[in-house]
Amino acid sequence: MEDYLLQTLHGMPHLFLVAFGLFVLFSLLERWTPCNPGQSLLDKHVLTDVAYYFVIPIFTKLIFIIYIRMGVSLFFADASDDTVAYNIMHGFGPLGALPVWAQAAISFILSDVILYWTHRLFHGKNFWRFHAIHHCPTQVSWHSTYRFHPVNIWLTFTLVNTLMVFMGLSMQSMAILATFNTLYSAMVHANLNWTFGPFKYCFASPVFHRWHHTSQAEGMDKNFAPTFPLLDVVFGTYYMPEGKVPEHYGITGTDIPESFWEQLVWPFKN
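Everything in this summary refers to the structure shown in the same document. Along each chain, residue indices are assigned from 1 in the same order as the chain's sequence is written. Whole-chain, interface and lining totals are the exception, using all residues; otherwise, since this is a predicted model, local features are given only for residues with pLDDT of at least 70 and side-chain atom pairs are given and counted only at 80 or more. Side-chain metrics in this entry use all non-hydrogen atoms of the structure; hydrogen atoms and water are not considered.

### Structural notes on the packing of aromatic side chains
Thinking step 1. Any two rings among Phe, Tyr and Trp, with Trp reduced to its six-membered ring, count as a pair given centres within 6.5 Å; such a pair is stacked if its planes are under 30 degrees apart, edge-to-face if over 60, and tilted if neither. Under the criterion given, the structure shown has 22 aromatic pairs.
Thinking step 2. Note on Y201 and Y238: the rings are 5.1 Å apart at their centroids and 50 degrees apart in plane angle, and the pair reads as tilted. Remark: Y238 occurs in the loop between α11 (230–234) and α12 (260–265) and Y201 occurs in the loop between α9 (171–189) and α10 (206–213); sequence separation between them is 37 residues.
Thinking step 3. For the exposure calls, accessible area comes from a 1.4 Å probe over protein chains only, and a residue counts as buried if that area is under 20% of its type's maximum, exposed if over 50%, partly exposed in between. The class for Y201 is partly exposed, based on a relative accessible area of 40%.
Thinking step 4. By relative accessible area, which is 18% here, Y238 ends up buried.
Thinking step 5. An aromatic cluster of three or more residues is present, and its members are F108, F180, Y184, F203 and F228.
Thinking step 6. The rule for a charge over a ring is simple: NZ of Lys or CZ of Arg within 6 Å of the ring centre, and within 35 degrees of the ring normal. Just above the ring of W266 sits the side chain of R129; from NZ or CZ to the centre is 4.1 Å. Helix and strand assignments come from DSSP, with helices taken as H or I runs of at least 4 residues and strands as E runs of at least 2, each series counted from the N terminus.

### Some words on the packing of helix α5 (residues 100–122) against α9
Thinking step 1. Contact pair α5 / α9: the axes reach a minimum separation of 8 Å and the direction vectors enclose 60 degrees. Considered as vectors, α5 and α9 are oriented oblique to each other. You can see that α5 and α9 cross each other, and the crossing is right-handed. Counted together, V100, Q103, A104, S107 and F108 of α5 and Q172, S173, M174, I176, L177, F180 and N181 of α9 form the full contact between these two elements.
Thinking step 2. Residues belonging to the contact of α5 with α9 are distributed by class as follows: seven nonpolar, five polar and no charged. Interaxial angles span 0 to 180 degrees and are taken between N-to-C directions of axes, which are lines fitted to C-alpha atoms, for helices over the stretch in contact. Throughout this description, any angle smaller than 35 degrees is read as roughly parallel, any larger than 145 degrees as roughly antiparallel, any in the 65 to 115 degree range as roughly perpendicular, and the remainder as oblique. What makes a crossing left-handed is the near helix being turned counterclockwise from the far one by less than a right angle; a clockwise turn instead makes it right-handed. Contacts are assigned to residue pairs with any non-hydrogen atoms lying within 4.5 Å of each other. Residue type decides the class: Asp, Glu, Lys and Arg count as charged, Ala, Val, Leu, Ile, Met, Phe, Trp, Tyr, Cys and Pro as nonpolar, and the leftover types, Gly among them, as polar.

### Considering unusual backbone geometry
Thinking step 1. Residue F196 is not a glycine yet carries a positive backbone phi of 70 degrees.
Thinking step 2. Here F196 shows up in the loop between α9 and α10.
Thinking step 3. What makes F196 partly exposed here is its relative accessible area of 26%.
Thinking step 4. The residue N223 is not glycine, and still its phi comes out positive at about 55 degrees.
Thinking step 5. Turning to its location among the elements, N223 is positioned in the loop between α10 and α11.
Thinking step 6. Here N223 falls in the buried class, since its relative accessible area comes to 0%.

Here it is in structure tokens:
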């Protein structure tokens, strides 16, 4: 546990640098090509989003370690610690034998398919209260990316990453994707009017994802794919009308507190 805490503290400067870089980048882009002109760069939700950005990863890393240990006890019970460490870092089996770039590509595609369906699951009545935290801001910007209730993260992103590891894909390949996903996730949440034109079915754009966050009836429960909108096309959940952008966001008829700590408790209340 002491080693884990030290690693967490050592990683904090990196989080600050990434946050500063994203702030500069998207502050400029949102000013130049906004989807919803007039939206403030730092709105009333930003302090809560900052709390999610810095606090939740600490516990998410711990949960990931717990998941990995559980998987090791199931799949590598008789293996030495060195063997386990090597297999997790470098991969194993048929998938682990592939080049790192190929592993990253497989993880990218498989993760998107699984996350599409887990995302739809969290829009259902049993898990919606946890996912509603992500949808409650009335302004959506790049920092909205990080507003996820920990239960939502642990049962989707963290669990999917663990699954990728025990399918034989290396941590090295996942590290490659982590950098990409950090930037891409912030981009699709940003207040940008990008649709990607002829590539709109290939890659999720800011306008595509902003329709997912709208409180307008026509966009409700649409556009679940993290990266590949073709999934929404195939399963009938695609919505991005030509020449039109969403104007209203948030959740109607549900009173969710703005405080970070109150939001952590809120899904467990009646």
